[in-house]
Structure formats: C-alpha cells, structure tokens
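Summary of structural features
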Amino acid sequence: MTRRRDKTEQRWQGIAVSDGAASGRVLRIHSGGRHSTFRSAVEPGELEREVRRYRAAVRLARRQLLALKKRAAHTLGEEHAYIFDAHLLMLEDRKLNEDVEAVILAESVNSEWAVKVVTDRLLAVYDEIKDDYLRERSSDIEDVTRRLIVALSGESMGGRRLTEDAVVVAEELLPSTLAELDFTHVKAVATDVGGWTSHTAIIARGLGIPAVVGLRDFYRTARTGDTALIDAGRGEVVLHPGADSLERFGDERRAASASAARAAPSEDLRAPLRTRDGVGVTLRANVELPVEYEWVNRYGARGIGLFRSEFLLSHRGSMPDEDEQRAAYEELARVAGDEGVTVRLFDLGGDKLPGSRLDPAEERNPALGLRAIRFCLQHPEILRTQARAVLRAAARGRIDLVLPMVSDVTDVRRAREVIEEERDRLEAEGKEAGPLRVGAMIEVPSAVLVADSLAREVDFFSLGTNDLVQYTLAVDRGNDEVAGWFRSLHPAVLLSVRRALDAALAAGIPSVVCGEMAGSPAYAAVLVGLGARELSMAPGSIPRVRRSIQGIEEGAAAEIAAACLECADADAVEEIVREGLGGRWPNLFPPEILPPRKSRG
Ligand code: PEP
Ligand code: MG
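This section reports on the structure supplied with the text. (Residues numbered from 1 in each chain as written. Chains lettered and ligands numbered in written order. Predicted model: local features only at pLDDT ≥ 70, side-chain atom pairs only at ≥ 80, totals over all residues. Heavy atoms only, no water.)

1. Quick look at the coordination of the magnesium ion (ligand 2)
Here the magnesium ion (ligand 2) is held by the protein donor atoms E443 (OE) and D467 (OD), which lie 2.0 to 2.2 Å from it. Taken together, the residues E443 in the loop between β13 (437-442) and α16 (445-449) and D467 in helix α18 (residues 465-473) connect sequence positions 24 residues apart. Per residue, the accessibility class of E443 equals that of D467, and both read buried. (Donors = N, O, S within 2.8 Å, 3.2 Å for Na, K, Ca; no water. Helix = DSSP H or I, 4+ residues; strand = E, 2+ residues; numbered from the N terminus. Buried < 20%, exposed > 50% of the residue type's maximum accessible area, 1.4 Å probe, protein only.)

2. Topic: the side chain of S407
With respect to the secondary-structure elements, S407 resides in the loop between β12 (399-403) and α15 (409-428). Those residues in contact with S407, other than ones at most four positions away along the chain, are R374, V444, S446, A447 and V450. (Contact = heavy atoms within 4.5 Å.)

3. Section: helix α21 (residues 542-551)
The buried count for α21 comes to 7 of 10 residues, which makes it a mostly enclosed element. Buried residues of α21: I542, P543, V545, R546, S548, I549 and G551, and no others. The inward-facing, buried residues of α21 abut β9 (282-287), α20 (521-530) and β16 (534-537).

4. Comments concerning the packing of helix α12 (residues 322-336) against helix α14 (residues 380-394)
Relative to each other, α12 and α14 sit at 40 degrees, their axes nearing to 8 Å. The angle between the axes of α12 and α14 places the two elements in the oblique class. Crossing geometry of α12 relative to α14 is assigned as right-handed. Residues E322, D323, Q325, R326, Y329 and E330 of α12 pack against T385, Q386, R388, A389, V390, R392 and A393 of α14. (Axes fitted to C-alpha atoms, helices over the stretch in contact; angles between N-to-C directions. Parallel < 35°, antiparallel > 145°, perpendicular 65-115°, else oblique. Left-handed = near helix turned anticlockwise from the far one by under 90°.)

5. A short note on the nonpolar core
Of all hydrophobic cores here, the largest spans 105 residues; its most connected members are Y329, I399, F461, L535 and L581. Setting aside residues no more than four positions away along its own chain, L535 makes contact with V281, T282, L283, R284, V512, V513, A518, A524, L527, V528, V545 and I549. If you look at the next biggest cluster of nonpolar residues, it comprises 29 residues, including L47, A61, V109 and A114. (Core = buried A, V, L, I, M, F, W, Y, C linked by side-chain atoms within 4.5 Å.)

Dropping the structure here:
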C-alpha cells in the first residue's frame, strides 16, 4: 500500500536574499558537486540486497543516459550524442561492475562507498597519464560516478534542462549548476543552505529572481510537482499553499507590480554620478552569466568591475580552453566598452568548485584550503591558459586582471611572473598580447594588514567584502546556522575597508569595492563615507544605489562612517547607520532598506 503524502499547507522561514515573490511547481535539483559519500557497514545478511541495489542504480543510470542521448541526437545532431556512448560503455563495463560488487562483498560496505573506492582508483590511474586527451576522459569517469551515486539516492539529474516554469528547490546551488540553468524558466529559488553572500543569493539578486535560502529541510520535504509559494521579501516559503495564501499572494503581487511601475527609473543612468556636495562616485557592474551582459549598459554601468570567470566552467568542472576563454573575455570587453572589464582569475575551491577530482568536500577546511590564487598557482597549466587568453583578449579591448584571495605580495609576484612569461611566449609565437593592469582582491585579513606593501606592488585594489566579512569574522558565508554572526557592518570589517582604501590612496592606485555590500543603498552610503569612490554591483542594483548616492552629502556620510569606526560591535554600528542615514535622509533610506535589528542564533 502506498502512503499518501500530507498535502496540507506548511511554512518555512529562511533568509530573504532578493526581492519579489512567485508561486509555481517545484522542481528539485540535485546539485551533485557537493555530494559527499559516506561509508556505512552492511550486515552480512543484507549484502546480496546491497548488490541488487547497486545493479538497479546502474540500470536507472543507463536508462537516463539512453534518454539523454536520444534527446541530444534530436536537438544537437547525432554527432554530438556520442559523448553519452562513452558514459554508457562505462556503465556497461563488466570489470567496473564486478569490481564495485567485489568491494561491497569483501568490505561489507554500502554501494556508494564501493563506487567511490573503485572510481577513485581509476581516476588515480588516469591522473598519471601524460596524454591530454586521455586525461580529459577522467571527467567522464567523474560524471558517471556522480550519476551512479545520484541514482543510488533515488534522485534524478535531469532537472537542469528546464522546459517549463518552475520553482527551483535544492539543498545548495553551485555556481556551475546555476550557470547551466535556463533562467527564463526559473520563477523562484529555495535552498536549504546559504546566506546573503552565497552564490545562489548573488545570482538570484542579479537576475531579479525571488529567492529564499537557509530553509534547512525544505528540500527533503518538497517533491517535484508540488506547489510552492516563495515570498523573498518575507523570507517565507509555503508548501501546498491553500486558497487563502494564494489569494493574499495574488493581491500583494498586483500591488507590488503597480508600485514597481510607478517607481520605474526615469533618470539618465549614464550621467556622471555625484553626491550633493559634488564628490564623484563610479558605479560598475559585477557579472557572472551571459544573460547579464546586456544589463551592463541598460543600467548605465561604467564598465564591468568584476567578472567572476569561474562561471565559464561547465557543470562537469571542465575548463574552457584558451580560445574559448579568449572569445569570452573579448565579448566582455566589447560589452564593457571604453571603461573596460576586470576579469578575475578563476576563484576555484572553497564553495566555488564544481564536482571534480579537486572536490572541496575532500578538503577538511575548504574555505581555508586550496582556493582562488592558491589553486591557480598550484595548477600552473590552468593559470597559464587563463593568462594567455586574457593577454590576447587585452590586445582587442580594455581588460584588467584581478587576483582573488591574495595573502601578501608573494602571491602577486608569483602570479605576475607566470603572466609575464606567457606574454613573452605569446610574442615569440607571433601572437599579440595587450597591456594588462594587475590588481589584488583584498578579502582576507592578512592582505588588509599588509595593504601598504601590496598597494605598491599592484595596479589597483578590489575589495571583496563578502569574503572579507567571512574571514575577518571567521563566519562561513554559506552557512545559515551562523548567519546571525555574518555582520557586514561589524566595526572590524569597516576598519579593514578603511585601512585598504587608505593604503590604495597613499600609493596612488584606484580601488573598487565589489562585494555585495556595494549593491545595498545603505551599505554603499557607508562605503562612500569610508572613502570608496568606485563601487561594483549586480547591474540591477545600480539604479537604487545611484539614487541614494546622489541624494547624500559625502561630508555627512564621512561623519557617520567615522562614528561607526568608533563602535565596539555590529549592533552599535547598525544603530548609528539606522539613525544617521534614516534620520537624516528618511526618503532615501526608509526602514525597510536599513539594517534590521538582529538577534544572534
Ligand atoms: C567577495 O568576496 O566579496 C567577492 C566579490 O567575490 P566572491 O563573492 O565571488 O567571493
Ligand atoms: Mg571573494
């Protein structure tokens, strides 16, 4: 007998990370990359059953692959469907299946663990191979492994190919998964983990998609096809909403769209931006996905202040080659025009890397591990390819390169050395390399403390406040359990921002603030008060930040910022910001856009 699922209305409270609300059918997406595989013991009497479970998963994965192959042949042509043949051959490989079953039986372990043991062994062999083509095939092994492990969990991996509007529900959405979604069909996003600066949040805000994160167990409860209502304004999610909830939602949506129509920006977004007392501020755009490119100019951004290049990686973690990268950077430079684009070196590792051999789940402490510049320096072939692509694109348009997560000048020197070697090599090959300014992301405390020496070594600073908050306060930016401790307005963070800005000023180099703080009108005003003159944010945030900056006096903002720097904790700073900005300019800073009073835990 099948048990009927409870379809009464249920509510979840999470962290609101964007605006708006939407209702629709749930589509659960398995993010894959973070899937950790546990070892568990299987009783001797259950081993036969475990083997049968493994065989069933192989059959399920095979059926999925055959369906995918058919669809690929239909939509892309037979010649593109061949990649699935390699995966099918692997699944049908007698030796592989026998090995997995042998591990289950010999070690009395679960199928997931046995799959991991066998495929890890295989990957180690491929790793040793010098031939690029064959080594590349290791990503096929990873793909098939992930498919098998997902099949063992009873999930489907097919969710990414959205064909109709859906409310996307996931435990966590990795950048690579997000990059592959068809956003025209995403009505809303709801995830179990995440925080205000997690990548799901950044992308959802950038694309104007209602999103609530940190729902803890919503993914486990919701099923594909269920109806859900996502209210990003309230941070609320309703599963199986009843008639009353849907009606209230309908009324609110009508009211919201009427007020949005009234508030549509009418000002000239390209006009130079000044505070009321005449201080110039430049607003640039952060972009990740091609759908955002056209918004750079639509919202009047002065060039692209941050391109998160890791979004060029596919879900499987495969690297774009030199020509693919060069084409992408040239396109970005074209979009950015005279004001140029700042390409960030791959910020991989930590919460950023899609599943691969270097899966962050394998590191004990990924945020402190082989991430960003460390990853690039440790994988010189990846760094060299990216450097060549950037240098070549810089011959066609204005491109700057920024190094993520540098600790001190050593990281900068080592990266520069590789870049200059590649410049020489390109010249020797008769290929044109353009001028390139190299900057440092200031996002870890050590970089702040040695900001003076760093400023003498680089051409500009880019302040990544998302990581600066994470590392200064030792709070995981993607962990909703500690969201109460993630305080962007903590005095330690503001002191760091001030110190980095002052160091840049003293060295005569520009600095741009490109973390999520820059896109919030209240935080942006504080940043201007601290001395920031360039801010980079999701293109859609530009109009409202612009409105707030042109309405304030820099002198007054500087007084507010100076008072904030005297505070002992974030509560005190937030109180000053509420009173300082809200009290002085109530029309620009109504209570709903000021930091709310928070409590921890
Ligand atoms: C930051 O850390 O503030 C930043 C801009 O980069 P990311 O969010 O990609 O880490
Ligand atoms: Mg960062």
